[in-house]
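# Coordinate analysis (summary)
This is what each chain is made of:
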Amino acid sequence: MTYPITNIALIAAALGSGLLAGVYFAFSTFIMQAFARLTVDQGVAAMQSINTTIVRLPFIVLFLLTAALSVLIAVLAIVYWRGGISILMIAGAALYLVASLLSTMVFNVPLNDALDKLDGRTAEAAQLWSTYLTDWTRWNHVRTVASLLAACAFVRALF
């Protein structure tokens, strides 16, 4: 038996997770590397600008809507238990909620908040920027893989 709300939620969450994986992938594979090639003050300023811009629509809606859909999917998986399909649904939801959303809140956002206070023209900026690039990108890799795997799990649960 199929449940239309479940299928709609799975499709929307797969699209959301996939889109977010693409955004994160871009940062991991070339944006952060490009910023590292800039002077410290230019790189810091560019990332500060992105961090200010990204919390606006439409990114934040996609980010939070995918989280809400993940919660809904986990609940539907439990309420309408269907064995392996429910396990895939819960796995996708957990990957997105824990490895993407939670890692963002626990690691990337605090790094962004610290960067926001940094003046890229100071003597200490070079060391802090270098550490930021390494640490932020490492956690961004986690978000990339988790979001992609969540999308795969949501799609697989549909079939």
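The structure under discussion appears in the preceding block.
These notes cover the structure that comes with them. The shown structure was predicted, so the numbers you read here are calculated from the model rather than taken from an experiment.

With that settled, the discussion passes to the overall build of the protein. Helices and strands together make up the secondary structure of the protein, namely five helices and zero strands. Starting at the N terminus and walking to the C terminus, you meet the elements of the protein as α-α-α-α-α. By its C-alpha atoms, the protein is 65 × 25 × 20 Å across when sized along the principal axes. Counting across all 159 residues of the protein, residues that qualify as buried make up 39%. Carbon and sulfur atoms provide 73% of the accessible area of the protein, an area that totals close to 8,500 Å². Of note, the protein has its 8 positive side-chain charges centred 16 Å away from the centre of its 6 negative side-chain charges.

Overall, the coordinates contain two salt bridges when judged by the stated rule. The salt bridge involving Arg121 is made with Asp119; its shortest N-O contact spans 3.0 Å. Classification of Asp119 by relative accessible area gives partly exposed; the value is 31%. When the shortest N-O distance is used, the salt bridge between Arg138 and Asp135 registers 3.2 Å. Note that Arg138 and Asp135 are positioned in helix 5 (residues 125-158) at a spacing of three residues, about one turn of the helix. On the basis of relative accessibility, which here comes to 44%, the residue Arg138 falls in the partly exposed class. Using a relative accessible area of 24% as the deciding quantity, one classes Asp135 as partly exposed.

In this section: the packing of helix 2 (residues 40-54) against helix 5. Running from amino to carboxyl end, helix 2 crosses helix 5 at an angle of 50°, the nearest separation of the two axes being 10 Å. It follows that helix 2 is oblique to helix 5 by the angle criterion. Of the two elements, helix 2 crosses helix 5, and the hand of that crossing is left-handed. Of the residues in helix 5, those in contact with Val40, Gly43, Val44, Met47 and Asn51 of helix 2 are Ala125, Ala126, Trp129, Tyr132 and Trp136. For the contact of helix 2 with helix 5, the class distribution of residues is eight nonpolar, two polar and no charged.

Now for the packing of aromatic side chains. The geometry of an aromatic ring pair is captured by two quantities: the separation of the ring centres and the angle between the planes. In the structure shown here, the tally under the stated rule is seven aromatic pairs. The interplanar angle of 0° and the centroid separation of 3.6 Å between the aromatic rings of Phe107 and Trp139 together place this pair among those described as stacked. Taken together, the residues span a long stretch of sequence, with Phe107 in helix 4 (residues 84-116) and Trp139 in helix 5 at a distance of 32 residues. According to the relative accessible area criterion, Trp139 is partly exposed, its value standing at 26%. A network of ring pairs unites the aromatic residues Phe27, Trp129, Tyr132 and Trp136 as a single cluster.

On to the side chain of Ser70, then. Summarising the element assignment, Ser70 is placed in helix 3 (residues 59-79). In this view, Ser70 contacts Ala93, Tyr96, Leu97 and Phe154; residues no more than four positions away in its chain are not counted.

A residue is classified by how much of its surface remains accessible, and Ser70, at 0% relative accessible area, is buried. Note: C-alpha distance between Ser70 and Ala14 (56 residues apart in sequence) is 9.5 Å.

Along the polypeptide, Thr66 turns up in helix 3. Of the residues examined, Thr66 reaches a relative accessible area of 2% and is grouped as buried. Within the structure, the side chain of Thr66 is placed 2.7 Å from the backbone oxygen of Leu62, a separation counted as a polar contact. Ignoring anything within four residues of it in the chain, the contact list for Thr66 reads Ala13, Gly16, Ser17, Leu20 and Tyr96.

Conventions used here
- Along each chain, numbering runs from 1 in the same order as the chain's sequence is written.
- Only residues with pLDDT of at least 70 get local features here, since the model is predicted, and only at 80 or more are side-chain atom pairs given and counted; chain-wide, interface and lining totals rely on the full set of residues.
- Water and hydrogen atoms play no part in the side-chain values, which are based on all heavy atoms of the structure.
- Runs of H or I in DSSP of at least four residues are treated as helices and runs of E of at least two as strands, each being numbered from the N terminus.
- Here the term buried applies to any residue with accessible area under 20% of the maximum for its type, exposed to any over 50%, and partly exposed to those in between, with areas from a 1.4 Å probe on protein chains only.
- Exposure was quantified through the Shrake-Rupley algorithm and a 1.4 Å probe, taking into account, for residues, occlusion by the shown protein chains and nothing else.
- By the counting rule applied here, Lys and Arg register as positive and Asp and Glu as negative, while His and the ends of each chain are not counted.
- The location of each charge is read from NZ of Lys, CZ of Arg, CG of Asp or CD of Glu.
- Within this document, salt bridges are pairs made up of a side-chain nitrogen of Lys or Arg and a carboxyl oxygen of Asp or Glu, the two lying within 4 Å of each other.
- To obtain each axis, a line is fitted to C-alpha atoms, and for helices this fit is confined to the stretch in contact; angles are then taken between N-to-C directions over 0 to 180 degrees.
- Each angle gets one of four labels, with under 35 degrees taken as roughly parallel, over 145 as roughly antiparallel, 65 to 115 as roughly perpendicular, and the rest as oblique.
- Should the near helix be turned counterclockwise from the far one by less than a right angle, the crossing is left-handed, whereas a clockwise turn marks it as right-handed.
- When checking whether two residues touch, look at their non-hydrogen atoms; a contact exists if any pair is within 4.5 Å.
- Lys, Arg, Asp and Glu make up the charged group, whereas Ala, Val, Leu, Ile, Met, Phe, Trp, Tyr, Cys and Pro make up the nonpolar group; the residues left over, Gly among them, are polar.
- Geometry of aromatic contacts follows a simple scheme: Phe, Tyr and Trp rings, the Trp one being its six-membered ring, pair when their centres are within 6.5 Å, and the pair is stacked under 30 degrees between planes, edge-to-face over 60, tilted otherwise.
- Distance and chemistry together define a polar contact, namely a pair of N or O atoms within 3.5 Å, with one atom able to donate a hydrogen and the other to accept it when in protein, and with adjacent residues in sequence counting only for side-chain atoms on both sides.

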